[in-house]
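Chain by chain, the residues run as shown.
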Amino acid sequence: MSEHAFDPTAPLPWSQPLRVAELASRKPNRFDITPDTATCAAIAEWAGISALRRLRLKGTLTPQGRSDWLLEADFTARVVQPCAITLEPVTTDLREPVLRRYLADMPEPSGEEAEMPEDDSAEALGSVIDLAAVALEALELALPMFPRAAGAVLDETLAAEAGVTPLRDEDTRPFAGLKALLGGAQADKDGAEDTDKD
């Protein structure tokens, strides 16, 4: 996926914080953010991709009840990554819906082995909601893991020890053994029929 490993501890290259106390509490707060060229370059380096041609997060932050907030947005981006096979540059357009619920009273996990919450869109509400952090998370989740250039095909390489028949990709697919078994059974049946005819 990346030219180098993504480091989750690295500081974010982009920030667009909104102070919750300054948001309109009776209507949706609209936003439309996009980084400039220099920031796109910094984001590309942070994400471990060749280039980020564009990125946009457009949506609303809507009050829910007395103190919770709902973020609904469209995330779009155009990224360039090296092909997983040929290393040629591959350009991909990304588009994802983004949903986040910011809860003032986020339930704390209990027990030594805390289970992951079923609702992965819920987050604890702080004093600031960083829209850029939301966009960067969406980018990381949407990036293709194995980008391929048009027409790029992974060559089948056969290797095995002396005297051992090498495994092909075809042999490791589901039902490959069943296919061979059925093929052998069919051959036995055909042989038996030929014997009966004789």
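Relevant structure appears above.
Rules behind the numbers
Residues numbered from 1 in each chain as written. Predicted model: local features only at pLDDT ≥ 70, side-chain atom pairs only at ≥ 80, totals over all residues. Heavy atoms only, no water. Helix = DSSP H or I, 4+ residues; strand = E, 2+ residues; numbered from the N terminus. Expected span 1.5 Å × (residues − 1). Buried < 20%, exposed > 50% of the residue type's maximum accessible area, 1.4 Å probe, protein only. Polar contact = N/O pair within 3.5 Å; in protein donor to acceptor, adjacent residues only side chain to side chain. Lys, Arg positive; Asp, Glu negative; His and termini not counted. Salt bridge = Lys/Arg side-chain N within 4 Å of Asp/Glu carboxyl O. Contact = heavy atoms within 4.5 Å.

Chemist: Run through helix α2 (residues 131–142), naming residues and quoting values.
Modeler: Taking 1.5 Å as the rise per residue, α2 with twelve residues should run 16 Å; its terminal C-alpha atoms sit 17 Å apart, in good agreement. Of all the twelve residues making up α2, nine are buried; the element is thus mostly covered by neighbouring parts of the structure. Inspection of α2 places Leu131, Ala132, Val134, Ala135, Leu136, Ala138, Leu139, Glu140 and Ala142 among the buried residues, and these make up the whole buried set. Between the side-chain oxygen of the N-cap and the backbone nitrogen of alanine 132 there are 3.1 Å, and the N-cap of α2 in question is aspartate 130.

Chemist: Describe the side chain of aspartate 130, naming the residues involved and giving the relevant values.
Modeler: Tracing the sequence through the fold places aspartate 130 in strand β7 (residues 128–130). The side chain of aspartate 130 sits in the buried core without any salt bridge; arginine 100 is the nearest counter-charge, 12 Å away. Looking at aspartate 130, its side chain comes within polar contact range of the side chain of serine 15, at 2.9 Å. When neighbours within four sequence positions are excluded, aspartate 130 is seen to be in contact with Ser15, Gln16 and Pro17.

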